[in-house]
Amino acid sequence: MSGNPTFPIPASLQELESAPYNLLPYPNDFEDDDEAARAESFHKLIRLIEAGNRSLISNGLGLFEVPDGEEDLDAWNDTERIQALYTLVRKSDSLAPATRSRLVKALCDAVHGLSEALANPGAVMTQTQQSDGEEGVGGANSSSFVVSQSFRDALACHIYMLFTVMFLTESKEKLGKSLNSATSSSSGRGGSKSKSKSSKSKGHNTDVEDLAASR
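As a starting point, this report considers the structure included with it.

Each value, and the rule that gives it
- Residues numbered from 1 in each chain as written.
- Predicted model: local features only at pLDDT ≥ 70, side-chain atom pairs only at ≥ 80, totals over all residues.
- Heavy atoms only, no water.
- 1 Å grid on protein atoms, 1.4 Å probe; cavity = no way out; pocket = protein on both sides within 12 Å on 5 of 7 lines; lining within 4 Å.
- Points joined across faces, edges and corners; volume = space filled by probe spheres on them.
- Nonpolar A, V, L, I, M, F, W, Y, C, P; charged D, E, K, R; others polar.
- Salt bridge = Lys/Arg side-chain N within 4 Å of Asp/Glu carboxyl O.
- Helix = DSSP H or I, 4+ residues; strand = E, 2+ residues; numbered from the N terminus.
- Buried < 20%, exposed > 50% of the residue type's maximum accessible area, 1.4 Å probe, protein only.
- Expected span 1.5 Å × (residues − 1).
- Patch = residues over 30% accessible without salt bridge, like charges linked within 9 Å, V, L, I, M, F, W, Y side chains within 5 Å.
- Areas by Shrake-Rupley, 256 points an atom, 1.4 Å probe, with all protein chains shown as cover.
- Lys, Arg positive; Asp, Glu negative; His and termini not counted.
- Charge placed at Lys NZ, Arg CZ, Asp CG, Glu CD.
- Contact = heavy atoms within 4.5 Å.
- Axes fitted to C-alpha atoms, helices over the stretch in contact; angles between N-to-C directions.
- Parallel < 35°, antiparallel > 145°, perpendicular 65-115°, else oblique.
- Left-handed = near helix turned anticlockwise from the far one by under 90°.

**Some thoughts on the layout of surface pockets**
Thinking step 1. Looking at the second largest pocket, its volume works out to about 150 Å³.
Thinking step 2. Around the second largest pocket, the lining residues are A11, S12, L13, Q14, R90, D93, Y160, F163, T164, F167 and L168.
Thinking step 3. Considering only residue class, the lining of the second largest pocket consists of six nonpolar, three polar and two charged.

**Digging into the pattern of salt bridges**
Thinking step 1. Applying the stated criterion across every chain, the model contains five salt bridges.
Thinking step 2. Among the salt bridges present, the one from R102 reaches E50, with a minimum N-O distance of 2.9 Å. With a gap of 52 residues between them, R102 in helix α3 (residues 97-119) and E50 in helix α1 (residues 35-59) connect regions that are remote in the sequence.
Thinking step 3. Take E50: its relative accessible area is 22%, and that puts it in the partly exposed class.

**Thoughts on α3**
Thinking step 1. Between its terminal C-alpha atoms α3 stretches 33 Å, which fits the 33 Å expected from 23 residues at 1.5 Å a residue.
Thinking step 2. For α3, the full list of buried residues reads T99, L103, A106, L107, A110, V111, G113, L114 and A117.

**As for a negative patch on the surface**
Thinking step 1. On the surface, E31, D33, D34 and E35 cluster together into a negatively charged patch.
Thinking step 2. Among the structural elements, D34 can be located in the segment before α1.

**What to know about helix α2 (residues 79-90)**
Helical geometry: 3.6 residues make up each α-helical turn, so side chains three or four residues apart lie on a common side.
Thinking step 1. Given a rise of 1.5 Å per residue, 12 residues ought to cover 16 Å, and the 16 Å separating the end C-alpha atoms of α2 matches this to within 8%.
Thinking step 2. Counted residue by residue, α2 has nine buried out of 12 residues, so it is predominantly covered.
Thinking step 3. Of all the positions in α2, only R81, I82, Q83, A84, L85, Y86, T87, L88 and V89 are classed as buried.

**Section: the environment of L162**
Thinking step 1. Locating L162 in the fold gives a position in helix α5 (residues 149-214).
Thinking step 2. The exposure class assigned to L162 is buried, which follows from its relative accessible area of 15%.
Thinking step 3. On a C-alpha basis, the gap between L162 and K105 in space is 9.5 Å, while along the polypeptide they are 57 residues apart.
Thinking step 4. In contact with L162, other than residues within four places in its own chain, are V104, L107, C108 and V111.

**Regarding the packing of α1 against α2**
Thinking step 1. Where α1 contacts α2, the axes come no closer than 10 Å and their chain directions differ by 130 degrees. Classified by the angle their axes make, α1 and α2 are oblique. Between α1 and α2 lies a crossing whose hand is left-handed. In this structure, α1 uses F42, L45, I46, L48, I49, G52 and N53 to contact α2, whose residues at the interface are E80, R81, A84, L85, T87 and L88.
Thinking step 2. Of the residues in the contact of α1 with α2, the class split is eight nonpolar, three polar and two charged.

Printed below as a string of structure tokens:
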């Protein structure tokens, strides 16, 4: 059940384009000819994620069960899904508000579905785990359920992607507020200088008028 992780948490989002992930900025079939084609390509990626979530809700941990000695050739969190997540998260700032909301919801739904599956493993324990439990002290079932490495990778991947979207959104908001604050501050200083110049001009005119009257 255990093994080397296929999704170790990267130090930065850009690292996903290097080994061991080797993702692309966009999927090979991503159409970017114009804004309409680009929007449809993003919607296609969102639909792929949502379809996977529905499968997760229906099958739970059963999606991650692979008989001992066999390779998981039909992984739920496969390269296609991770590629879609990477592209959507990487470009989340440029997504339409409705599309970005669907992305966040899809990530939340996936994390929730994985957490529910972990909390309720049900009857998906392997025969080996069940027999080990039956051989516990006094014949009691004392097995400790251990999830597969593919499940751990999937959970880590989706939590990381959700965190990254939150981080990018907050960074954009902070940058916007910082720029607005700087603009307002600059405008305020400009107004103060204008008022100062105006006051000096009025004072000078008054002095001239007083001098003329005295003559």
